[in-house]
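# Overview (structure and organization)
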2 protein chains.
Amino acid sequence: MSTGVRRRMGVEERRQQLIGVALDLFSHRSPDEVSIDEIAAAAGISRPLVYHYFPGKLSLYEAALQRASDDLAGRFVVAQEGSLGGRLLRVMGRFFDFVDDHGPGFAALMRGGPAVGSSTTNALVDGVRHAAYLQILSHMKVEQPPARLELMIRSWISLVESTALIWLDGRRIPRADLERQLVHDFGALAAVSAAYDDELAALLRESLRNEPGDGPFTDLVVRLIALAS
Amino acid sequence: MSTGVRRRMGVEERRQQLIGVALDLFSHRSPDEVSIDEIAAAAGISRPLVYHYFPGKLSLYEAALQRASDDLAGRFVVAQEGSLGGRLLRVMGRFFDFVDDHGPGFAALMRGGPAVGSSTTNALVDGVRHAAYLQILSHMKVEQPPARLELMIRSWISLVESTALIWLDGRRIPRADLERQLVHDFGALAAVSAAYDDELAALLRESLRNEPGDGPFTDLVVRLIALAS
């Protein structure tokens, strides 16, 4: 197998090409099942040449994961306009697009297969979580989050991850429902947290000022806050 | 170092003693930092004798994790009496007792350090999650859960895990508050799910029949279901 036209690539160009090819393979099957031989064949180069650019499968996997992590972290960056509920809904759409595109690789990574779970891959995953957390804070216009808000946002992010993993296992619930449900979950978890913390309740009310008054998100959260307090 | 009195133990007795000693060490420091030498010293036997019973640290770690997993799964088994909210609150108390007792080991396991992340350890962790899931179903008296209920319970379990991990990192929120908050989170997530699924809404109403009418759990869930439908 060969890509057909052969030409000499520069080192960085070749590395980037290999990362792209590997990411595509790692995304569609569990990374454990992808061999260096397959990556070489898909890139149209020899196995020794792959090793010339990457010392082993783990380093190529980590490079592919770095690219995927940058991509995923970027999905949480949406325009600072419109309501918080609307922004979160856009973020969820972009997040599930990613999960859809990289399903088996995402599942293998998050479930920690034998080829993964190195400290580098863990750091990359944590980096994405942290980037997502910071983006949500910025959408809420909060700079110094109280401990309960930090806990609530971080635990919602883990809820998003686990929901995506469970969804991938059979896709028995329409994706769009889950995206909307997770935004509602955010509101519900925020409201429960606000019940324990007046500062957080005030902060949530402030974050919801731009929310359309008749939107389901506002409705849910405003009533929950009233209920809880 | 020695335990003082030396006597000949049977093979199984010695294995169980080593597992107990190792579990204690793995619970209080990250398992990566615990050496076979330390385990041998704490058990009052020689390093070669440890290897006689366990071929390496990983196998001893896995045996310790097996015991911890059995313990943890057992925490979700509480008497089938009283309200669902009350049962979940008891379960959360028992769960956080475990997390408190095994903090660093629990954190290392769930965060996937280098010594962990084997397919055996992943299977043990998944086994605990599944046992917890089945227990919650049985408390709800549900035998054939609809897909949304399965998703909701499984994702709540992951919320419990991540909340415990975040709590361990600084313990900035009182444990009792978190236990109660997680029970409320269960209600809030269930109510949001019920908004998407009439069967689930009916099922939740049935599960809440024994709930004390003035309890915070019922109040939250009943109002949320009304709100969502």
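Read on for a plain summary of the structure. (Residues numbered from 1 in each chain as written. Chains lettered and ligands numbered in written order. Predicted model: local features only at pLDDT ≥ 70, side-chain atom pairs only at ≥ 80, totals over all residues. Heavy atoms only, no water.)

### Points about the overall build of chain A
A count of helices and strands for chain A gives 11 helices and 0 strands. Taken from N to C terminus, the helices and strands of chain A fall in the order α-α-α-α-α-α-α-α-α-α-α. Residues classed as buried in chain A amount to 55% of the 229 residues present. Excluding contacts between residues fewer than 6 apart, the proportion of contacts in chain A whose partners are at least 24 apart in sequence is 68%. Of the roughly 10,300 Å² of accessible surface on chain A, 53% is carried by carbon and sulfur atoms. (Helix = DSSP H or I, 4+ residues; strand = E, 2+ residues; numbered from the N terminus. Buried < 20%, exposed > 50% of the residue type's maximum accessible area, 1.4 Å probe, protein only. Contact = heavy atoms within 4.5 Å. Areas by Shrake-Rupley, 256 points an atom, 1.4 Å probe, with all protein chains shown as cover.)

### Topic: helix α2 (residues 36-43) of chain A
Residues and elements named next belong to chain A. Ile36, Ile39, Ala40 and Ala43 are the residues of α2 that are buried. An end-on view of α2 places all buried positions within 100° of arc, on one side of the element. Summarising the contacts, the buried residues of α2 are in contact with α1 (11-28), α3 (47-53) and α4 (57-75). Count one or two residues on from α2 and you reach Gly44, which has phi positive near 70°. (Arc of directions from axis to C-beta.)

### Describing the environment of Ser69 of chain A
Residue and element names in this part refer to chain A. Note that Ser69 resides in helix α4. Its relative accessible area of 8% is what places Ser69 among the buried residues. When the C-alpha atoms of Ser69 and Leu124 are compared, they prove to be 6.6 Å apart, with 55 residues separating the residues in sequence. Those residues within four positions of Ser69 in sequence are excluded, and the remaining contacts are Leu124 and Val128.

### Some points on the side chain of Ser193 of chain B
Among the secondary structure elements, Ser193 of chain B is positioned in helix α9 (residues 175-194). Overall, the relative accessible area of 1% leaves Ser193 of chain B in the buried class. Discounting chain neighbours no more than four positions away, the residues touching Ser193 of chain B are Gln181 of chain A together with Arg148, Met152 and Leu200 of chain B.

### Remarks on the environment of Met152 of chain B
Residue and element names in this part refer to chain B. Locating Met152 in the fold gives a position in helix α8 (residues 147-168). Under the relative-accessibility criterion, Met152 is labelled buried at 2%. Along the backbone, Met152 and Ala190 are 38 residues apart, and their C-alpha atoms lie at a distance of 6.5 Å. Discounting chain neighbours no more than four positions away, the residues touching Met152 are Phe186, Leu189, Ala190 and Ser193.

### Points about the pattern of salt bridges
Scanning the model with the defined rule gives 30 salt bridges over all chains in all. Of the charged contacts in the structure, one is a salt bridge between Asp97 of chain A and Arg175 of chain A, with a shortest N-O distance of 2.8 Å. You can see Asp97 of chain A sitting in helix α5 (residues 84-101) and its partner Arg175 of chain A sitting in helix α9 (residues 175-194), a full 78 residues away along the chain. Arg15 of chain B is paired through a salt bridge with Glu12 of chain B; the nearest N and O atoms lie 3.8 Å apart. With a gap of 3 residues between them, Arg15 of chain B and Glu12 of chain B both fall in helix α1 (residues 11-28), about one helical turn apart. (Salt bridge = Lys/Arg side-chain N within 4 Å of Asp/Glu carboxyl O.)

### Here we look at the packing of aromatic side chains
Summed over all chains, the structure comprises 12 aromatic pairs over all chains. Residues Trp156 of chain A and Phe186 of chain A carry aromatic rings whose centres are separated by 5.0 Å and whose planes lie at 85° to one another, so their mutual orientation is edge-to-face. Remark: Phe186 of chain A occurs in helix α9 and Trp156 of chain A occurs in helix α8 (residues 147-168); sequence separation between them is 30 residues. On the basis of relative accessible area, Phe186 of chain A is assigned to the buried category, the value being 1%. Geometrically, the ring pair formed by Phe26 of chain B and Tyr61 of chain B is edge-to-face, given 5.2 Å between the ring centres and 75° between the ring planes. Linking Phe26 of chain B in helix α1 with Tyr61 of chain B in helix α4 (residues 57-75), this pair joins segments that are 35 residues apart in sequence. Using a relative accessible area of 5% as the deciding quantity, one classes Tyr61 of chain B as buried. Grouped by ring-pair contacts, the aromatic residues Phe76, Phe95, Phe96, Phe106 and Trp167 of chain A constitute a single cluster. The ring of Tyr133 of chain A has Arg154 of chain A sitting right over it, with the charged end atom 4.1 Å from the ring centre. (Phe/Tyr/Trp six-rings, centres within 6.5 Å; stacked < 30°, edge-to-face > 60°. Lys NZ or Arg CZ within 6 Å of the ring centre and 35° of its normal.)

### What about the packing of helix α6 (residues 103-111) of chain B against α8 of chain B?
Residue and element names in this part refer to chain B. For the pair α6 and α8, the least separation of the axes is 10 Å and the interaxial angle reads 125°. Regarding the angle of α6 to α8, the classification is oblique. As for the relative orientation of α6 and α8, their crossing is left-handed in sense. Here α6 contributes Gly103, Phe106, Ala107, Met110 and Arg111 to the contact with α8, which in turn contributes Glu161, Ala164, Leu165 and Leu168. A class-by-class count of the residues in the contact of α6 with α8 yields 6 nonpolar, 1 polar and 2 charged. (Axes fitted to C-alpha atoms, helices over the stretch in contact; angles between N-to-C directions. Parallel < 35°, antiparallel > 145°, perpendicular 65-115°, else oblique. Left-handed = near helix turned anticlockwise from the far one by under 90°. Nonpolar A, V, L, I, M, F, W, Y, C, P; charged D, E, K, R; others polar.)

### Some words on the nonpolar core
Phe95 and Trp156 of chain A together with Phe95 and Trp156 of chain B are the most contacted members of the largest nonpolar core, which has 138 residues in total. Beyond its immediate chain neighbours, meaning those up to four positions away, Phe95 of chain A contacts Leu72, Arg75, Phe76, Phe106, Val160 and Ala164 of chain A. Among the nonpolar cores identified, the runner-up in size contains 6 residues, and Val192 and Tyr196 of chain A together with Val192 and Tyr196 of chain B belong to it. (Core = buried A, V, L, I, M, F, W, Y, C linked by side-chain atoms within 4.5 Å.)

### A word on the side chain of Thr163 of chain A
Considering the arrangement of structural elements, one finds Thr163 of chain A in helix α8. Judged by its relative accessible area of 3%, Thr163 of chain A falls in the buried class. Beyond its immediate stretch of four places on either side in the chain, Thr163 of chain A contacts Leu178 and Leu182 of chain A together with Leu151 and Ser155 of chain B.

### What to know about the packing of helix α5 (residues 84-101) of chain B against α9 of chain B
Residues and elements named next belong to chain B. Contact pair α5 / α9: the axes reach a minimum separation of 9 Å and the direction vectors enclose 135°. As far as their axial angle goes, α9 and α5 are oblique. Handedness of the crossing formed by α5 with α9: right-handed. Across from Leu84, Gly85, Leu88, Leu89, Met92, Gly93, Phe96, Asp97 and Asp100 in α5, the residues of α9 making contact are Arg175, Leu178, Glu179, Arg180, Leu182, Val183 and Phe186. Among the residues forming the contact of α5 with α9, the class breakdown is 9 nonpolar, 2 polar and 5 charged.

Coordinates in, geometry out; function isn't part of it.
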